[in-house]
Protein chains: 2
Amino acid sequence: MPNSNTTHEVLTAVFQVRHFPDHITAGQGGDARHAGELAVLLWQRALDPQAGAWSLPGGLLREDEDLTTSARRQLAEKVDVQEVSHLEQLSVFSDPHRVPGPRTIASTFLGLVPLPADPQLPPDTAWHPVSALPEMAFDHGTVVRHARTRLAAKLSYTNIAFGLAPGEFSMSTLREIYCAALGYQVDATNLQRVLGRRGVLTPTGNTAPSGRAGGRPAALYRFTDSTLRVTDEFAALRPPS
Amino acid sequence: MPNSNTTHEVLTAVFQVRHFPDHITAGQGGDARHAGELAVLLWQRALDPQAGAWSLPGGLLREDEDLTTSARRQLAEKVDVQEVSHLEQLSVFSDPHRVPGPRTIASTFLGLVPLPADPQLPPDTAWHPVSALPEMAFDHGTVVRHARTRLAAKLSYTNIAFGLAPGEFSMSTLREIYCAALGYQVDATNLQRVLGRRGVLTPTGNTAPSGRAGGRPAALYRFTDSTLRVTDEFAALRPPS
């Protein structure tokens, strides 16, 4: 058989928007505050190859499971999988020499954990800001960047932010999530206008207490759907109803 | 090793908009005409398992090649790969029992062939309308439907139609391509307005001779880009320029 010496592994880039106390960013209104950052779940290798480098959660595919089952099983060793709100397949990494030893093909996944979950982590595991990754094992840094690019693209044409957001949120919180996931500033008014026009958000009728600065209580929203959908089927391409 | 008995294959759903002489559709203006249909490239199995059923082009991944190299090599046995204008990875099909015999994981690809290419085909190979697939081997029918769904979704938020269109085309031809790929009617005026606003199309300055019905010569266009890009980065999410 041409590829019987090949093994198959599954790797998942799990993202959450988190606050890192040592990363201070200038917030709106000029006051320094802890802005949310996109973080990825990594574990540190104790043994060679590449002892000390950081890896994505994952492992070898078992004979009796499909890829999604495998990804969920392996994540369960790191975090409570109830807290993974979205999981989708990314590319396969198949360079014959991507890891030392027997050829290993990696099927990769993107996983999202919503605010404000704070999963218990094993001692070898930690969240790292995607903007400041530690020394990464093998091609795992490339997988993280690929996953982040996919997430950013999908923020523009799907409702994927449901996977990062709390069940109920203000536009200010949602804006912080978009800014963190995209890595640049977006305008809350534009965001609300576009997502509103596309029916992505539904007002819950509740309000949040006003912040330190006072002002009106903020209206709260939820995502209309909690599974992925393309939100930009532009009029010309909509099927006849 | 947990999965050393697993082999890895690559399958590609190659699509082209084609005219099937025995499929007559009522065209614009009420005259019956041959409307373009989305077609997929299949070969008929001569041997068991499933002799007589139709398969996607593909085969086992070799030890020294990555997935994309493998997909292109295998397509070359069926069509001149110069004619494949776009190739992208789709999902991995990993059900442990998806084919009889040793476990085989399938990485799947979407390939597009532009109009008016008419590749020479081997005797066991033919184009079939996606709307009327013959008896399909294993899970290959599912792969075709998955590829078509991906193509239809990407038509709404990317410039992927460049992969199906000729180098220069009228809006009427482009509309026919969209209708065929989506499987329902779209309006040429809306299509031109939306694609124009997004900068997807560039006028070439040429015109096509007017058709049987006379009238003004049609303006011709080309796709501005010939590699895939997301065309709907809505204003709120655009990075600062």
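Residues numbered from 1 in each chain as written. Chains lettered and ligands numbered in written order. Predicted model: local features only at pLDDT ≥ 70, side-chain atom pairs only at ≥ 80, totals over all residues. Heavy atoms only, no water.

(A) Molecular detail of the side chain of Arg175 of chain A. Residues and elements named next belong to chain A. Relative to the assigned elements, Arg175 resides in helix H3 (residues 171–182). Within the buried set, Arg175 has no salt-bridge partner at all; the shortest N-O distance to an opposite charge, 6.2 Å, is to Asp187. A distance of 2.8 Å separates polar atoms of two side chains, one belonging to Arg175 and the other to Gln185. (Helix = DSSP H or I, 4+ residues; strand = E, 2+ residues; numbered from the N terminus. Buried < 20%, exposed > 50% of the residue type's maximum accessible area, 1.4 Å probe, protein only. Lys, Arg positive; Asp, Glu negative; His and termini not counted. Salt bridge = Lys/Arg side-chain N within 4 Å of Asp/Glu carboxyl O. Polar contact = N/O pair within 3.5 Å; in protein donor to acceptor, adjacent residues only side chain to side chain.)

(B) Geometry of the pattern of salt bridges. Residues and elements named next belong to chain A. Within the structure shown, the criterion is met by 18 salt bridges over all chains. Here Glu88 and Lys154 are joined by a salt bridge, their closest N and O atoms 2.9 Å apart. Of the two residues, Glu88 sits in strand E7 (residues 86–93) while Lys154 sits in helix H2 (residues 140–157), which places them 66 residues apart along the sequence. The class for Lys154 is buried, based on a relative accessible area of 12%. Each of the salt bridges in this network shares a partner with another, and the network as a whole consists of Glu9, Arg98 and Asp139.

(C) Spotlight on a positive patch on the surface. A surface patch of like charges, here positive, comprises Arg193 and Arg197 of chain A together with Arg193 and Arg197 of chain B. Of all the elements in the fold, those that place two or more residues in the positive patch are helix H4 (188–197) of chain A together with helix H4 (188–197) of chain B. Among the structural elements, Arg193 of chain B can be located in helix H4. Its relative accessible area of 42% is what places Arg193 of chain B among the partly exposed residues. (Patch = residues over 30% accessible without salt bridge, like charges linked within 9 Å, V, L, I, M, F, W, Y side chains within 5 Å. Areas by Shrake-Rupley, 256 points an atom, 1.4 Å probe, with all protein chains shown as cover. Charge placed at Lys NZ, Arg CZ, Asp CG, Glu CD.)

(D) Molecular detail of the sheet that holds strand E12 (residues 218–223) of chain B. Residue and element names in this part refer to chain B. Strands sit in the order E10-E12-E11 across an open sheet of three strands; the sheet is antiparallel. Bordering the open sheet on either side are strand E10 (169–170) and strand E11 (201–208), each of which pairs with just one other strand. Relative to E12, E11 is paired through five bridges, and the arrangement is antiparallel. Residue pairing for E12: Leu201 is matched across the bridge by Phe223. (Pairing = 2+ DSSP bridges.)

(E) Layout of the pairing of E12 of chain B. Note: E10 of chain B against E12 of chain B, two bridges, orientation antiparallel. By the bridge assignment, Ser170 of chain B is partnered in E12 of chain B with Leu220 of chain B.

(F) The arrangement of the sheet that holds strand E10 (residues 169–170) of chain A in detail. Pairing is antiparallel across the open sheet formed by three strands, whose spatial order is E10-E12-E11 (chain A). Sheet topology places E10 and strand E11 (201–208) of chain A at the edges, where each strand pairs with a single neighbour.

(G) Region of the structure containing the packing of H2 of chain A against H3 of chain A. Residues and elements named next belong to chain A. As a packed pair, H2 and H3 sit with axes 9 Å apart at the nearest point and diverge in direction by 140 degrees. With respect to H3, the axis of H2 lies oblique. Of H3, the residues touching H2 (which contributes Arg148, Leu151, Ala152 and Leu155) are Tyr178, Ala180, Ala181 and Leu182. A breakdown of the residues in the contact of H2 with H3 according to their chemical character gives seven nonpolar, no polar and one charged. (Axes fitted to C-alpha atoms, helices over the stretch in contact; angles between N-to-C directions. Parallel < 35°, antiparallel > 145°, perpendicular 65-115°, else oblique. Contact = heavy atoms within 4.5 Å. Nonpolar A, V, L, I, M, F, W, Y, C, P; charged D, E, K, R; others polar.)

(H) Quick look at the packing of aromatic side chains. By the definition in use, this model includes three aromatic pairs over all chains. Seen from their ring centres, Tyr157 of chain A and Tyr157 of chain B are 3.5 Å apart, and the 10 degrees between their planes marks the pair as stacked. Of this pair, Tyr157 of chain A sits in helix H2 while Tyr157 of chain B sits in helix H2 (residues 140–157), placing the two residues on different chains. Across the pair, Tyr157 of chain B and Tyr157 of chain A agree in class, each one buried. Taking 5.4 Å as the distance between ring centres and 45 degrees as the angle between the ring planes, the aromatic pair formed by Phe169 of chain A and Phe223 of chain A counts as tilted. One end of the pair, Phe169 of chain A, is in strand E10; the other, Phe223 of chain A, is in strand E12 (residues 218–223), with 54 residues separating them in the sequence. (Phe/Tyr/Trp six-rings, centres within 6.5 Å; stacked < 30°, edge-to-face > 60°.)

By themselves, these figures tell us nothing about what the structure is for.
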